[in-house]
Amino acid sequence: MSVKKIRNMKIRIPRRVWALLAVIVLCAIAGLPFFMGTQTYPVTVVQGTSMYPTLQNGDLVVFHAPPQGMIANGSIIVFIQTGTGISALDSLMKPVLIHRIVGVVVQGDGKINYQTKGDNNQQVDPELVPADRVLGTPATIVPKAGLIIMFFQSPQGLVATVGVITFIFIGSSEAKMKKEEEKKTFLGVLAQMALNDELPEAVFKKFELAVEYVEDLRIDELKDGGVLTLVDWIRNGGLDDKWKVRKAPCRKCSSMAANFDCANGLLLVVCPTCNRISTPR
Ligand SMILES: [Zn+2]
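Residues numbered from 1 in each chain as written. Predicted model: local features only at pLDDT ≥ 70, side-chain atom pairs only at ≥ 80, totals over all residues.

Examining the overall build of the protein
Secondary structure assignment for the protein yields eight helices and 11 strands. Compactness check: the protein gives a C-alpha radius of gyration of 33 Å against a globular reference of 19 Å for 281 residues, more than 25% above the reference. With respect to the principal axes defined by its C-alpha atoms, the protein has extents near 105 × 35 × 30 Å. In the protein, the proportion of contacts linking residues at least 24 apart, taken out of those at least 6 apart, comes to 48%. (Helix = DSSP H or I, 4+ residues; strand = E, 2+ residues; numbered from the N terminus. Rg over C-alpha atoms; globule rule 2.2 N^0.38 Å. Contact = placed C-beta atoms within 7 Å.)

So, in structure tokens, the structure goes:
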């Protein structure tokens, strides 16, 4: 297999596969509370240094539901500091803390309360944590991954995100316009040749269609060698770089042919006599 052939075999992942992957990822993200058995979304970001060095500012913590019954002394728990009593609601409004259990207090009625403390704090937390305010215990810690979330939540992050999306959007539509312009200029040169009877009209028409639908053509199903060469040339960036056209003798019949020189070294030859289109390099 030639190098050129291999270059044309860019791995194309079908759109349906991308869509399926996107659905799987979204389901996994949306289904995280289900998988982790939590009532709230089981992801939180460490802010501050109270659990240093076990947990550091910006670490992302994925937690699972607390075990049934009493949580062992010494465990790290994710909990709501003060609440309305409905943990799903509280987690939306109240600060979530991640501290370590340093003591367990069982009330007369059997209700469990935890004494908590940050590893890096001198003193224990002022309030006891009732068991029903415990959201979970850490399952996975992704160091510093939370910094990304923190950044996107900040005003600068939002501005940056909108800016980048706008930039990509404008950039891509501008690139598209430039490509259309390049196609038009290229066809203009071929049209001139056709009008001067240097290129049969039927051949010009074919080339025109090839240029117009270059992105949609199935290259391995093209039967016309010239069209195939042209499509290949454009797909390999023939029109992307600054290209120039000059007259030079055809290598086969030595009549004057149009040579499309491309900055990236690609050359396309359109010969009026043999009606050939080729890339001699
Ligand atoms: Zn020729």
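Remarks on the pairing of strand β7 (residues 134–142)
Inspection of the sheet shows strand β2 (residues 60–64) paired to β7 by five bridges, in the antiparallel sense. Bridge assignment links Phe63 to a residue of β7, and that residue is Pro138. With two bridges connecting them, strand β3 (residues 76–80) and β7 associate as antiparallel partners. Residue pairing for β7: Phe79 is matched across the bridge by Val134. (Pairing = 2+ DSSP bridges.)

Focus: the domain arrangement of the protein
The accessible area lost on association of the parts is a frequent measure of interface size. When the domains of the protein are assigned, the result is domain 1 (35–153) and domain 2 (179–278). Domain 1 and domain 2 are separated by 67 Å when their C-alpha centres are compared. (Domains from an automatic or database assignment.)

A short note on the pairing of strand β5 (residues 112–117)
With six bridges joining them, strand β4 (residues 96–106) and β5 adopt antiparallel strand pairing. Within β5, the residue paired with Ile101 across the bridge is Thr116. Joining the antiparallel neighbours β4 and β5 is a turn of five residues, in which Gly110 adopts a positive phi near 90°.

Notes on the confidence of the model for the protein
With 90% of its residues at a pLDDT of at least 70, the protein reaches an overall mean of 85. Looking over the protein, one finds the lowest element-wise mean pLDDT in helix α1 (residues 3–8), namely 50, and the highest in β5, namely 95. (pLDDT = per-residue confidence, 0-100.)

Let's talk about the sheet that holds β5
The strand order β1-β2-β7-β3-β4-β5-β6 describes an open sheet built from seven strands, whose pairing is antiparallel. Every other strand in the sheet has two partners, leaving β1 (43–45) and β6 (129–130) as the edge strands with one partner each. Looking at chain direction, β1 and β2 are connected through three bridges and run antiparallel. Within β2, the residue paired with Val43 across the bridge is Val62.

Comments concerning the environment of Pro126
Tracing the sequence through the fold places Pro126 in the loop between β5 and β6. Along the sequence, Pro126 and Ser50 sit 76 residues apart, while their C-alpha atoms lie 14 Å from each other.

Description of helix α6 (residues 155–195)
A rise of 1.5 Å per residue sets the reference length of α6, with its 41 residues, at 60 Å; its end C-alpha atoms lie 59 Å apart and thus fit the reference within 8%. Little of α6 is tucked away, with four of its 41 residues classed as buried. Among the residues of α6, those classed as buried are Phe186, Leu190, Met193 and Ala194. If you follow the buried residues of α6, they end up packed against α7 (201–212), β9 (256–262) and β10 (267–271). Immediately beyond the C-terminal end of α6, within one or two residues, lies Asp197, with a positive phi of roughly 60°. (Expected span 1.5 Å × (residues − 1). Buried ≥ 20, exposed ≤ 12 C-beta atoms within 10 Å, placed from the backbone.)

Brief notes about the nonpolar core
Formed by 24 residues in total, the largest nonpolar core has its most connected members in Leu190, Leu230, Leu268, Val269 and Val270. Where this core is concerned, the elements lending two or more residues are α6, α7, α8 (225–235), β9 and β10. Among the nonpolar cores identified, the runner-up in size contains 18 residues, and Ile77, Ile98, Ile101 and Tyr114 belong to it. (Core = buried A, V, L, I, M, F, W, Y, C linked by C-beta atoms within 7 Å.)

So, unusual backbone geometry
Cis rather than trans, the peptide bond between Tyr52 and Pro53 has omega equal to 0°. Within the element layout of this structure, Pro53 appears in the loop between β1 and β2. Not every positive phi belongs to a glycine, and Lys144 is a case in point at roughly 65°. Tracing the backbone shows Lys144 in the loop between β7 and α5 (146–153). For Asp197, which is not a glycine, the phi torsion comes out positive at approximately 60°. Mapped onto the elements, Asp197 comes out in the loop between α6 and α7. Judged by the 9 C-beta atoms lying within 10 Å of it, Asp197 is exposed.

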